[in-house]
Amino acid sequence: MTRTVLITGAGGVGKTTVAAALAVKAARGGMRTLVVTVDPARRLATALGVEELGNEPQPHVDEPELWAAMLDASASWRAVATRHADPEVAARLADNEFFRAASEHFPASQSYAAADQAATFVQAQAWDLVIVDTPPSGGGIDFFAAPAQMADLVGGRLLRWITGGPLPGRRAFYNLAAKPVLRIADSVLGSDLLERVAEFLLDLRTTYDGVAQRGREIERVLASATVFVVTTSDPAPVREAIKFYRELPGLAVSPAAVIFNRILPEGWAEATAPPGTSVVLEQNLARWAAETLRQRDTREEFSSRYGAHIATIRWSPTPPTDLDGLARLLDDSSDLPWEAVGMRAG
Amino acid sequence: MLEKRFLLVSGKGGAGRSAVTAGLALLGQRRGLRVLAMEMGSPGGLSAHFGTGPLEFEPMEVRPGLHAMQMVRSDALLEYLALQLGIKGITRFGPFARAFDALATTAPGIREIITIGKAIWEVREDRWDVVIADAPPTGQLGSFLRAPVTISELVPSGRIRTQAETMQEMLRDPSLTELVVVSLPEELPVTETEETLAWLAKEDLVAPPTVIANRVLDELTDPDTPPGPVGEAARLHRSLWSEQQVWLKRLPPDHKLPYLHGVFTPGEVAARMADEFETIT
């Protein structure tokens, strides 16, 4: 049975690093572990050995139980067309300008691609643990909503909106512009743009059954996963983390922990400089103490307001560049729910 | 920066875009300018910095002389149709609005052109001396700035195309528009900013941007490391500082904003940003 861990949160909080660090710990603890990342920093990619890799998981040269894969969202979107449409329609979709735009613009598309790929790895049952570093879109919430949104997109909701009623057959479609509403649109856009879009959506709709079924499979995988939300103590990522307590209940998965990254030592909050300390160093301690206090207040408020399990990871000034560095990062952590990822504490 | 009529503030997510937007808006207000601050993306950041409740599409006065608004695409579209095209009687939930929503999800450039169109409409209004927009993050900046070109390619004729061409000229006019890119002296933000700058230079869609590095630490002038928290704090500060130097050297910014230690509320952050801008612009 493969255990799944989803690492979510806003961009720039160190999600990928936390995912990688957990993976190294698990692999060194004897679990066959796959870490799936999206767009890692170069030094981290080097540490994981995924610099030149694509969607295919590869074992690490120095750590045989550690596997890594990097996600390519655009490739996964093309796969939606080839997997779920007739070859002729799939080819037409693949070089359709609207298909490219929808895959770029549809807010959930990168998240869908990532969720689809991650679910594939979990279903392969080739690893004890699959750790997924999710795309930051929507603070990570999009990842959970993506399968349903995707089915909705191809299911014809947009098409019905354009036609303003029941779905027409392909032939009836060309008379659409006779409708007053669409005449206005034509005059604004100065072309048959709406018709071209609707025709594309008719093609896309043929993938509906496949996408809807796959969406339900993906949702089952996500629902059985352990979720960690990573944040710093800054207001913007904390706002995103709060969404998991306000919006996620509807999506069935409750986070096992909120991991506050880049945490300063608690003791600094009350520390004062001994007599004889230079003014420069005294002021330096005072400002970092103020920062420590702010971090603590942020955590306490989060925990009391949302009842979340809070874990912390110490601020490491230089990002880890190798497997040992990644493992050390979690030696400086506290209250991580190790048992949720199948490991013993420490 | 405040000599321009239109400031677009972008940057990597989490670098402090909203704080910089709010800081610049407060500085403009202190200097007696009539300012409109505009949240283009999802709500939350800008209103927190001004300490108001949720912003609305209709600009509200958040300080004397400083207005703020939230972009709402469906409202912007209706306003565009009514004011610029003279098409009245369309409601937010009517069939036209829904059809347009479908288009905005599917056709490239549509959703962006409505957002930029609204901003540029306000820039041309005599009501404001400067419009400062909390623009999409650098990851989405490409499709955003390219929208007028995309529309021109997609739509061979018609009124929306004519207007797209006007927008393109205004974005490119360096006496009118300035793009501000907010970055952090860390690996990923610097890499993303470099990619954005290279792309911008190639595409020539907007005048060369101003780069701001946020959360920059100063150098500790005392090299001592005594035992206890004093020394630990000094050691952390020094290693963060030298890590930052690597990235500041790689991408020298036009302006630096300091790390704000222990500043609690977004309102305080915005006020401190405005103080800093006072010294550099």
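Residues numbered from 1 in each chain as written. Chains lettered and ligands numbered in written order. Predicted model: local features only at pLDDT ≥ 70, side-chain atom pairs only at ≥ 80, totals over all residues.

Draft legend 1. Region of interest: the overall build of chain B. Scanning chain B from terminus to terminus reveals ten helices and eight strands. For 281 residues, the compact-globule formula gives about 19 Å, and the C-alpha radius of gyration of chain B, at 21 Å, lands near that figure. Across its three principal axes, chain B shows a C-alpha extent of roughly 75 × 40 × 35 Å. Every one of the 281 residues in chain B was classed for burial, and the buried ones make up 45%. By sequence separation, contacts in chain B at least 24 residues apart represent 71% of the contacts at least 6 residues apart. (Helix = DSSP H or I, 4+ residues; strand = E, 2+ residues; numbered from the N terminus. Rg over C-alpha atoms; globule rule 2.2 N^0.38 Å. Buried ≥ 20, exposed ≤ 12 C-beta atoms within 10 Å, placed from the backbone. Contact = placed C-beta atoms within 7 Å.)

Draft legend 2. Main features of the sheet that holds strand E2 (residues 33-37) of chain A. Residues and elements named next belong to chain A. Strand order in the open sheet made by the nine strands is E3-E4-E2-E5-E1-E6-E7-E8-E9, with mixed pairing throughout. If you trace the sheet from one side to the other, it starts and ends with strand E3 (58-59) and strand E9 (333-334), each paired once. As paired elements, strand E1 (residues 3-8) and strand E6 (residues 226-231) share four bridges and run parallel to each other. What sits directly across from Ile7, in E6, is Phe228. Packing of helix H6 (residues 109-123) onto the sheet brings it into contact with E1, E2 and strand E5 (129-133), and relative to E5 it is tilted by some 170 degrees. The strands touched by helix H12 (residues 235-246) within the sheet are E6 and strand E7 (257-263), with E6 carrying the most contacts at an inclination of about 160 degrees. (Pairing = 2+ DSSP bridges. Axes fitted to C-alpha atoms, helices over the stretch in contact; angles between N-to-C directions.)

Draft legend 3. Examining the pairing of E2 of chain A more closely. Residue and element names in this part refer to chain A. Counting buried positions over the five residues of E2 gives five, a clear majority of the element. Along E2, one buried face is formed by Thr33, Val35 and Thr37 and the opposite face, lined by Leu34 and Val36, is buried too. Relative to strand E4 (residues 66-70), E2 runs parallel, the two being bridged by five bridges. Note that in E4 the partner of Val36 across the bridge is Ala69. Bridge count between E2 and E5: four bridges; the pairing is parallel. Opposite Thr33, over in E5, you have Leu129 as the bridge partner.

Draft legend 4. Expanded view of the packing of helix H5 (residues 110-123) of chain B against helix H6 (residues 138-154) of chain B. Residues and elements named next belong to chain B. H6 packs onto H5 with a crossing angle of 100 degrees between their chain directions and a minimal axis gap of 8 Å. Here H6 runs roughly perpendicular to H5, going by the angle between their axes. Contact with H5, carried on its side by Glu112, Ile113 and Ile116, involves Ser143, Phe144, Ala147, Pro148 and Ile151 of H6 and no other residues of that element. The class makeup of the residues in the contact of H5 with H6 is six nonpolar, one polar and one charged. (Parallel < 35°, antiparallel > 145°, perpendicular 65-115°, else oblique. Nonpolar A, V, L, I, M, F, W, Y, C, P; charged D, E, K, R; others polar.)

Draft legend 5. View of helix H11 (residues 208-223) of chain A. Residues and elements named next belong to chain A. Between its first and last C-alpha atoms H11 spans 22 Å; for 16 residues at 1.5 Å apiece the expected length is 22 Å, and the two agree. All of the buried residues along H11 are Val211, Arg214, Gly215, Ile218, Glu219, Val221 and Leu222. When H11 is viewed along its axis, its buried side chains cluster within an angular range of 155 degrees and face the same direction. What points out from H11, more than 90 degrees from its buried face, is the exposed set Gln213, Arg216 and Ala223. (Expected span 1.5 Å × (residues − 1). Arc of directions from axis to C-beta.)

Draft legend 6. Representation of the environment of Trp288 of chain A. Within the secondary structure layout, Trp288 of chain A lies in helix H13 (residues 279-306). Trp288 of chain A sits in the buried class, given 24 other C-beta atoms within 10 Å. For the pair formed by Trp288 of chain A and Leu264 of chain A, sequence separation is 24 residues and the distance between their alpha carbons is 8.2 Å. Trp288 of chain A has contacts with Leu264 and Trp268 of chain A together with Ala233, Leu236, His237 and His261 of chain B, leaving out every residue within four places of it along the chain.

Draft legend 7. Fine view of unusual backbone geometry. All names here are of chain A. For Gln125, which is not glycine, the phi dihedral falls at a positive 55 degrees. Gln125 sits in the exposed class, given 10 other C-beta atoms within 10 Å. Phi is positive for Arg262, close to 60 degrees, though the residue is something other than glycine. For Arg262, the location among the structural elements is in strand E7. With 17 C-beta atoms packed within 10 Å, Arg262 lands in the partly exposed category.

Draft legend 8. Local environment of the pairing of strand E7 (residues 210-216) of chain B. All names here are of chain B. As paired elements, strand E6 (residues 177-183) and E7 share four bridges and run parallel to each other. Residue pairing in the sheet places Ser183 in a bridge with Ala213 of E7. Viewed along the sheet, the connection from E6 through helix H8 (residues 187-203) into E7 turns out right-handed. As defined by bridge partners, E7 adjoins strand E8 (residues 255-258) across three bridges and the pair is classed as parallel. Across the sheet, Val216 pairs through a bridge with Pro258, a residue of E8. Handedness of the crossover joining E7 and E8 through helix H9 (residues 229-250) is recorded here as right-handed. (Right-handed = clockwise from strand over helix to strand, strands pointing away.)

Draft legend 9. Examining the packing of H6 of chain B against H8 of chain B more closely. Residues and elements named next belong to chain B. Contact geometry of H6 with H8 gives a least axis separation of 10 Å together with a crossing angle of 15 degrees. By the criterion of interaxial angle, the relationship of H6 to H8 is roughly parallel. In the packing of H6 onto H8, the handedness of the crossing is right-handed. Between H6 and H8, the residues in contact are Thr138, Leu141, Gly142 and Arg146 and Glu192, Thr193, Thr196, Trp199 and Glu203, respectively. The class makeup of the residues in the contact of H6 with H8 is two nonpolar, four polar and three charged. (Left-handed = near helix turned anticlockwise from the far one by under 90°.)

Draft legend 10. Molecular detail of the confidence of the model for chain B. Considering every residue of chain B, the mean pLDDT works out to 88; 93% of them sit at 70 or more. As a predicted assembly, this complex carries a pTM of 0.88 together with an ipTM value of 0.88. (pLDDT = per-residue confidence, 0-100.)

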